[in-house]
Structure formats: structure tokens, C-alpha cells
Amino acid sequence: MWFLIVLLIIVLIIAFKSIKIVKQAEVYVIERLGKFLKVADAGLTIIIPFFDHVRSVVSLKQQTMDIPPQGVITKDNVTISIDTVVFYKITDPAKAVYEIQSLRKGIEYLSITTIRDIVGKMDLDQTFSSRDAINDQLRLILDEATDQWGCKVDRVEIKDITPPADIRDAMEKQMNAERNKRAAILQAEGERQSAITIAEGQKEAAILAADADRESKIRRAEGEAEAIKKVAEAKADEISMVYGAIKKSAPDEKLVQIKSLEALKEIADGKANKVFVPFDATSALSSLGAIAEVVKKKEDK
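Structural notes, computed from the coordinates. (Residues numbered from 1 in each chain as written. Predicted model: local features only at pLDDT ≥ 70, side-chain atom pairs only at ≥ 80, totals over all residues. Heavy atoms only, no water.)

On to the layout of surface pockets, then. Of the voids in this model, the largest pocket is the one considered here, and its volume is about 200 Å³. Along its surface, the largest pocket is lined by 14 residues, and S56, V58, A96, V97 and L103 are the ones closest to its centre. Among the elements of the structure, β5 (52–59), α2 (93–98) and α3 (103–119) are those that each provide at least two residues to the lining of the largest pocket. Here the lining of the largest pocket takes 5 residues from β5, the largest share from any one element. (1 Å grid on protein atoms, 1.4 Å probe; cavity = no way out; pocket = protein on both sides within 12 Å on 5 of 7 lines; lining within 4 Å. Points joined across faces, edges and corners; volume = space filled by probe spheres on them. Helix = DSSP H or I, 4+ residues; strand = E, 2+ residues; numbered from the N terminus.)

Here is the structure:
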């Protein structure tokens with residue numbers, strides 16, 4: 001009875017040691033008598049107890065490694081702190097186990113030295129403006145170096161670049177000065193554009209006012225010309241009527257002379273400084289003077 005129990009326990013131990021269940025996205029690196037045997041993929045795997053054993057369980061998932069902040073000296077002798085994250089994936093589990101003692105330590109140390117080499121060739125301002133370039137160079141160098149370790153570096157990201165406190169204060173002052181400068185330039189540009197717009201508006205208003213005044217004068221002149229034309233036509237009609245009436249009534253010379261004298265009287269009563277006497281009126285006046293001389297001579301007799 002006890003023998004059967006002991007035998008059952010031994011069988012269970014052997015079964016436990018022989019049957020291995022590998023999880024998804026993992027592999028087992030199996031050795032036999034201290035020598036690499038195989039890489040067991042996900043699923044059920046049978047090994048020989050006491051001869052085979054699992055050397056390492058390797059994850060095939062994308063892995064991240066946070067590189068501690070490192071002090072780096074730039075080309076212009078400024079010490080900055082850079083915090084980096086590396087994204088990698090194991091492509092050959094056997095190399096990852098046998099080619100390097102600690103894959104994570106190897107990636108960390110290689111990242112630190114590479115960052116110092118790349119950033120040491122850049123100025124401080126260039127370091128802040130060239131993050132993408134630094135990330136790409138880091139990824140290429142790390143990917144090439146870790147290929148022999150069965151690892152592929154997919155991405156490298158710089159999380160933060162921290163300059164010293166005095167440099168940070170100087171940069172903030174420089175940024176404030178630059179912002180004030182841009183604001184002053186924008187304000188001046190806005191005022192200039194506003195002045196140009198106002199001047200253009202005043203110019204357009206002056207042109208429109210001049211056009212309106214010119215149009216008004218033209219219309220007023222046309223109206224006055226039309227009025228003068230109407231008056232002239234009326235006067236012509238009046239003269240024509242008078243002339244027709246005179247011609248029709250056949251006036252004698254004395255009537256004409258009397259009318260001329262009446263006209264002269266009206267002219268003399270006017271306020272004009274100069275008086276123009278028609279030629280016919282002067283002849284009538286001469287005749288009148290002759291008549292007056294004859295009358296005077298008769299009275300003297």
C-alpha cells in the first residue's frame with residue numbers, strides 16, 4: 001500500500017517535471033545537461049526530467065525600459081539632464097540568453113553612452129530643437145548594436161531635457177523678450193495697416209467728394225446755360241413780336257424819336273455807371289436839338 005502511494009507520488013513528480021505549458025507571447029529556452037537544446041513556443045511542451053530544464057522564460061512582447069536621467073555636457077559646455085525611454089522586442093530568445101549576461105543592462109549602458117556622444121556634439125539650443133533627430137540616431141545605433149543580442153530596438157523617445165536653474169531662468173527671460181518683441185512688431189504692423197486703411201479711406205472720400213462737387217458744378221452750369229438759353233429765346237420771341245407789331249403799324253419818324261427818348265429816360269434812371277446810347281437815339285436827339293433852336297429863334301423875334 002505504501003509502495004503504491006510512493007510510486008504515485010514519484011509519477012506525479014515526473015509528470016510535473018516533464019509537462020510544461022508555455023503561455024502566449026512567451027518562449028522557454030530549454031537546456032539538456034547544461035547545453036542549449038531548443039526554444040519551446042507557446043503551448044504544451046514535454047521535457048525529460050532530471051536531464052532537461054528550463055534555462056529562461058523569454059517574453060516576445062514589446063518591452064519598455066526607462067533610462068534614468070543622465071547628466072550630459074553639450075558642445076557649449078552646458079550640463080543638462082536627459083530622461084529617455086527605449087522600446088525594444090526580443091527576436092532571437094537564444095541569443096538574448098546566451099550572447100549577453102543581462103540584456104536590459106546592456107541596452108541601458110549603451111543608451112547612456114550613445115546619448116552622451118550625440119548630445120555632446122550639439123549646442124544647447126540645437127538640443128531642444130532636434131529631439132526627433134536625436135531619437136532617430138539613438139534608435140539606429142542601438143538597433144545595430146543589439147542585433148547580435150537577438151533584440152530589435154523599435155523606438156527611442158526623449159521624455160525630458162532639463163537644463164540647470166540659471167540656464168532655465170535665462171531661457172525664460174529670452175523667451176519673454178522674444179514674445180514682447182513679436183507683440184510689439186505685431187502691434188506696429190497693425191497700427192501701420194490701420195493708418196494705411198484710414199488714409200486710403202480718406203483718399204477715396206476726397207475723390208468721391210471732388211467728383212460730386214465737379215458733377216454738381218457741371219449740372220449747375222448746364223442749368224444756368226439752359227436758363228440763359230430759355231431767356232434768350234424768350235427775348236428773341238419778344239423782339240420778334242415787337243418788331244412785327246412796329247412793322248405792322250408803320251410808325252412815323254417822330255414816334256420813333258419819342259420812344260427813343262423814353263428809353264433814354266429809363267436808362268438814365270438806372271444805377272449803372274456807364275450808359276450806352278444807341279445810334280438811332282443820337283440822331284433823334286440831334287433832330288430834337290434842331291427843333292429847339294428853331295423855337296428859340298422864333299421867341300427872340
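This part is about the nonpolar core. Among the nonpolar cores identified, the biggest contains 32 residues, and I80, I82 and L103 are the most heavily contacted of them. The set of elements that each furnish at least two residues to this core consists of β2 (26–32), β6 (63–73), β7 (79–90), α2, α3, α5 (131–146) and β8 (151–162). Sorting elements by how many residues they give to this core places α3 first, with 6 residues. Discounting residues that sit within four places of it in the chain, I80 has contacts with Q70, G71, V72, T74, V119, L124, T127, I161, T162, P163 and P164. (Core = buried A, V, L, I, M, F, W, Y, C linked by side-chain atoms within 4.5 Å. Buried < 20%, exposed > 50% of the residue type's maximum accessible area, 1.4 Å probe, protein only. Contact = heavy atoms within 4.5 Å.)

Generally, phi is negative for residues other than glycine and the peptide bonds are trans, each holding for most cases. A positive phi is found at A25, a non-glycine position, where the angle reads about 65°. Tracing the backbone through its elements, the reader meets A25 in the loop between β1 (19–22) and β2. For F50, which is not glycine, the phi dihedral falls at a positive 70°. Along the chain, F50 falls in the loop between β4 (43–46) and β5.

Let us look at the side chain of D52. The residue D52 is located in strand β5 in this model. Here D52 falls in the buried class, since its relative accessible area comes to 7%. Aside from chain neighbours lying at most four places away, what touches D52 is I30, E31, R32, L37 and I47.

Everything listed here is a matter of coordinates, which is why it stays silent on function.
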